[in-house]
Amino acid sequence: MKRKGILGGIFAMVLILALALVLGAGSVSAAEPNIVDSGNCGANGDNVTWTLDSAGLLTISGTGEMENCQSIGSQPWYHNRSKITKTVITGGVTGIGDYAFPYCTGLTSVTIPDSVTSIGERAFLNCTGLTSVTVPDSVTSVEESAFSDCTGLTRVTIGSGVTSIGGSAFYGCTGLSSVEIPNRVTSIGGYAFHGCTGLKEVIYNARAAEYGGYAAFQNAGTAADGMKVVFGESVEKIPNELFYNCTGLTSVTIGRNVTSIGREAFRGCTSLTEINYNARRADDLDWSTNAFYDVGAESEGVVVKFGEDVEIIPACLFCTNPSTPKIKIVSVSVGNRVTEIGKYAFCDCVNLTSLKLGNSVSTIGSEAFGSCKKLSSITGIEGVKQIGYSAFRYCSSLETFTIGENLTRIGANAFYKCIGLKEVYYNAKAAEDLESLSDVFRYAGGSDGVRVIFGEKVKKIPAYLFDNAGNICSFVFTGNPPTVGSSAFRDNYAYALYPVHNSEWTESVRKACGSHLTWIGYCTKPVSSAACRIDQTAYLPNDTLNTQGLCMTLTHKDGCTMTIPYDSGLLELGSCDMSTPGAKTIDVTYRGTTAQLKIYVHERKTQTLDKKGYPESSHNYENNLDKTYIYKAAGAVSLDVTFSAQTEVETNIDYLYVNGAQYTGTELAGKTITIQGDTLTIRLVSDKADSAYGFSIDRIVKTYMEHQYKNGVCTLCGTKEPDYIFAPTVKPSYVGASGKPYIY
């Protein structure tokens, strides 16, 4: 019994051991995937082989290059493509062939060894499950469409050895959020990153890439909150059309070592709001470059900042096509190391409103800011030494400009047709002469004219500087008389103000400046009183103030008096509501002194005048006639004259002239004409044969204002009563402290 029990125990132990071995064997088999397919894929046949296991791992191994497949479907594993989840390429393989893994939509990762030097065309086309790719430093080329439409790709690392990125290489990689272009890249193909809508950042380090194709980043970054591009310190050249139509681009930073910006490099970047420009001395561009044509967000525009590394702003940098200017730069600030702004640099930047210059800018090139029609604010201009030909021409919103003490040269047409210009502060000590017809300020200023203030240190006014500057209304001299170059003030009919207590301003000195100038001596002593006058003091509602005869007389504490006319441009008028009847007071200011001008707005009244006395021709009128009919309505502001329906003269032979306006045939029949003033004048001219009805008038309506006269003067507005006879008055003389009269 004892022996039988021992044998039973041994049998049980053997049974348990056998069962464990069986179960163990089953467990090992489940943990190790088996090969489901394999074959050759080398350029030379079996130099490279492949295996696909049951877990979805595709392994490429061997030496040399993979074969180049000719199309989708020609890959040896194509029928198993849906099973592939991971690809490992082992060391020794040197090239990934064309069409290697297209439409492997389940592929989530790929391992590329540092033996690989090239990735072929469409190698990973439409691998939508691929999320991350590292291109090793050994790779020199990523061929056309290599990763095109890999929509799940969020991160890609491009190795430092890559020199060529093919056309559409990352086309449509909508999940890609950032990319860095290494500095050895010499070529980027067209549409390389087209449609990468999720891109937020591009770090561009390619030193000198050439034009490799069209619009490498077209429509990139459009789904992000804005795409930022930074050109690194290694970059020397920005290729043609690199960011053409990159509509998602919002910010560009250009590195300090960039020397060349390619044709249309940023054209059509319509969301761009910021350009940080740091290139020290980039090469000049030309009119055909259009590097920034049609850039800028419609609502915000573009802010351009030139950093502290910049020394020269190249020619034509931001110039645009003058026939259809499309660049939305709104403000420019220039760093303190910039010494020169090249010719045409901002020409036709029609949305530019403000310019801030650093303290080292000495030269502004020809037409640098020509036709910047909204430019209204310039700061830091005082240090400029040379202003080029037409530098600010057609800057129609520019109101004030300061010419600094150190200016030595100003070019012809510099401010041509700056029609908004109101004030010029001229401090140049001794700028060089100009030639005849330089037209520096020709057509500058509008109806209000331009005031020119000469600083105390001005010693010379260049020849022809203000020649043909017909809109200048006044010159103000603050220092000693300067030397005046030939024809500096030729044909200027402006007022000229000089310091009356400066004994060097003799009559002969003043006359030598210009024969047409009207001189006014001004005093800088404290003002004791000021008064205003104007020719017209009576108005109707909504009339415009008539400044004819408006002037301000100031009496100084030393006894000097001076009268400043409004058309000198030196008086400032306060606002006034002319829409309602009643007495009005308008502040008039000259250099901090304010006086009040009083006018009166009367109610508008109308009256239909008695037909008796209306002018009328014979019916029919005589031949060989030249007759004038005059009708006056006392006190009328205007007359509405309605001609009869019968009014007619022989068409294009005989004529009626109504207050100078010509009519013929039936042009006046039944028509109402408004005549300003109180007098209607009709002239009838006929030839020697034939005639017609002539004219008659159905109605004349007088518009007038009602005055309250006392002693020949309206107590409301001061208007003199017509035909009232006044006693003669004696005009007082004004004398200065010296006892001598001043006549202005």
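Before going into details, it helps to say that this report is about the structure given with it. (Residues numbered from 1 in each chain as written. Predicted model: local features only at pLDDT ≥ 70, side-chain atom pairs only at ≥ 80, totals over all residues. Heavy atoms only, no water.)

## Remarks on unusual backbone geometry
Following His619, the chain continues into Asn620 via a peptide bond in cis, with omega recorded as -10°. Its place among the elements puts Asn620 in the loop between strand S46 (605-608) and strand S47 (626-632). The backbone phi angle of Asp149 is positive, close to 60°, even though this residue is not glycine. (Helix = DSSP H or I, 4+ residues; strand = E, 2+ residues; numbered from the N terminus.)

## Points about the sheet that holds S46
Backbone hydrogen bonds hold the strands of a sheet together, and the pairing may be parallel or antiparallel. Here 4 strands make up an open sheet; going across it, the order is S46-S53-S48-S51 and the pairing antiparallel. Across the chains shown, the open sheet's two edge strands, defined by having one partner strand only, are S46 and strand S51 (672-676). Neighbour-to-neighbour, the strand axes of the sheet open up by a mean angle of 20°, direction not taken into account. Sheet topology note: the S46/strand S53 (residues 697-704) ladder contains 4 bridges and is antiparallel. (Pairing = 2+ DSSP bridges. Axes fitted to C-alpha atoms, helices over the stretch in contact; angles between N-to-C directions.)

## Details of the pairing of strand S45 (residues 593-601)
Moving residue by residue along a regular strand, the side chains alternate between the two faces of the sheet. Taken together, the 2 bridges between strand S40 (residues 538-539) and S45 define a ladder with parallel strand orientation. From the neighbouring strand, Tyr539 faces S45, where its bridge partner is Val601. Bridging between strand S44 (residues 582-590) and S45 involves 9 bridges; their strand directions are antiparallel. Residue pairing across strands places Tyr590 opposite Thr593, the latter belonging to S45.

## Overview of the sheet that holds strand S30 (residues 400-403)
Reading across the sheet, the 6 strands line up as S30-S32-S33-S35-S37-S38 and stay open at both edges, with parallel pairing between neighbours. The sheet is open, and its two edges are formed by S30 and strand S38 (518-522), each paired on a single side. For this sheet the average axis-to-axis angle between neighbouring strands, irrespective of direction, equals 15°. Note that strand S32 (residues 423-426) and strand S33 (residues 450-454) share 4 bridges and pair parallel. Bridge pairing links Val424 to Val452 in S33.

Such coordinate-based values are descriptive only and should not be taken to indicate function.
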